[in-house]
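Observations on the model geometry
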Amino acid sequence: MRGLLGFWIGWRFYRARQANGFISFISFASTAGIALGVAVLIIVLSAMNGFERELEQRFLGVVPHGELIGAAEPLHSWPDIVKSAQVIPGIEGAAPFIRIEGLVQKPGGFQGLAVTGIDTRLEPDVSVIRDFMSPQAWDSLATDSNNIVLGASLAAKLGLKVGDLLSLYVPSVSNGEASRLGSAKSHRFVVSGTFKLGGELEQTNAYIPMAYAAKLLNMGDTVTGVRIKTANVFQAPALIRELGFKQDQYLYMSDWTRTQGHLYQDIQLVRVVMYLVLALVIAVACFNIVSTLVMAVRDKAAEIAILMTMGVRRGAIMTIFMVQGALNGVLGCLLGGAAGVLIALNLSAIARGIEQLFSVKLLAADIYFIDFLPSRLESSDVLIVLSMAMVMSLIATIYPALKASRILPAQALSGR
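Anyway, here's the lowdown on the structure attached to this text. (Residues numbered from 1 in each chain as written. Predicted model: local features only at pLDDT ≥ 70, side-chain atom pairs only at ≥ 80, totals over all residues. Heavy atoms only, no water.)

Some points on the packing of aromatic side chains
- Tallied over the full model, the rule gives six aromatic pairs.
- Ring centres of Phe195 and Tyr207 lie 5.6 Å apart, and the angle between their planes is 70°; on these two criteria the pair is classed as edge-to-face. On the criterion of sequence distance, the pair formed by Phe195 in strand 8 (residues 184–195) and Tyr207 in strand 9 (residues 205–209) is long-range, its members being 12 residues apart.
- By the ring-pair criterion, three or more aromatic residues cluster together here, those being Phe234, Trp256 and Tyr264. (Phe/Tyr/Trp six-rings, centres within 6.5 Å; stacked < 30°, edge-to-face > 60°. Helix = DSSP H or I, 4+ residues; strand = E, 2+ residues; numbered from the N terminus.)

The structure is reproduced here in structure tokens:
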């Protein structure tokens, strides 16, 4: 019982503290600050996790994890590269492609367009672009005709719909190489469908049948390069190098970290900055515990002195006030954790409700690669945030508890 005395008295003092209005208000402010910081930090981390998930599953599901491109000439032995990729652990698929860079005319000028010729039999091994277009649009890419599938936002900008003709201006080529004279040719395509992905990819990319692209560029059985998909996107640079070094032909080796890595770096930077800012918010709230306990020590100085004269040790006196501060931290963590988890689990629905209520768009699809606010709650994030808040709360109790344990009974009882 003697070991639990400090906890019991601390609980009694915590309840009695509500009688002092000002101390009660400061205590409420510290608890509310901790709860708010914990909740917001959980929500922000869940949103960052959601962006990472969408980046990996949605954006990097369409963007190739890596590419091997012929350096001096198109790839002649691309089937051998595909076979080589299949035996390397960590590589899930490989598919050939032919790339055409050109210009399309839009109101007020021209816009660059990257047209990719794909083989619909092998493309699903490296990309999920099929999931973002209609079955009719995908089937149109399996033919040997001048079909083209555009991004939905680009088609809207150009004023095109399915069945319309599109003129693409490309440099004159011979055997896959651009002419040095700088002349250009116009090729006409039939818009056979659109894909809706969001972001810059929807504005600057289009797909055509690979067989027609090869015929258009007089490439025969050669291709521009081979696209690679890896099981772990962060291992893509090493796996692409491993595959490239096994080939006899000179190749350019590229991976997603060179072309799209800035998106992942931006997400990580925002995560770190927000983590630090909100951790400081929790720290400020915890420092309010110091003010609360210092005033509680002054208010209970006589009671502390009486306890000391009755033989209560200084360690127990420290426990009394550390318990009071810890209770503030526990209550704030419980309230903030519950609110943060509840909001994080429903963040996408809440964002959609705000958009409908105020007629605003939080994320524009033509700017970002998604048009909704994603969320993925990780239990590890919740545990880290709650642990951090509790540790800060306990640290904040140390100084007032020490001050209480150093009270001199004689001075406290004499009123000096």
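Things to note about the pattern of salt bridges
- A full pass over the atoms with the stated rule returns nine salt bridges.
- Note that Arg227 is salt-bridged to Glu123, the shortest N-O span being 3.6 Å. Remark: Glu123 occurs in the loop between strand 3 (109–118) and helix 4 (135–140) and Arg227 occurs in strand 10 (residues 225–230); sequence separation between them is 104 residues. In this structure, Arg227 and Glu123 share a single accessibility class: buried. (Salt bridge = Lys/Arg side-chain N within 4 Å of Asp/Glu carboxyl O. Buried < 20%, exposed > 50% of the residue type's maximum accessible area, 1.4 Å probe, protein only.)

Side note on the side chain of Ser127
- With respect to the helices and strands, Ser127 occurs in the loop between strand 3 and helix 4.
- With relative accessibility at 5%, the residue Ser127 sits in the buried group.
- One polar contact links the side chain of Ser127 to the main-chain amide nitrogen of Ile129, over a distance of 3.0 Å.
- With residues near it in sequence (within four places) discarded, Ser127 still touches Gly61, Val62 and Arg227. (Polar contact = N/O pair within 3.5 Å; in protein donor to acceptor, adjacent residues only side chain to side chain. Contact = heavy atoms within 4.5 Å.)

Re the state of the cysteines
- Applying the stated criterion to the full structure yields zero disulfides.
- Considering cysteine sulfurs only, Cys333 is the nearest to Cys286, which forms no disulfide, with 7.6 Å between them.
- Accessibility expressed as a relative area gives 2% for Cys286, which makes it buried.
- Classification of Cys333 by relative accessible area gives buried; the value is 7%. (Disulfide = S-S within 2.5 Å.)

Quick look at the environment of Ser140
- Within the secondary structure, Ser140 is located in helix 4.
- Sequence separation between Ser140 and Gln235 is 95 residues, and the spatial gap between their C-alpha atoms is 34 Å.
- Those residues in contact with Ser140 that lie beyond four places of it in its chain are Asn147, Val149, Ser192 and Pro209.

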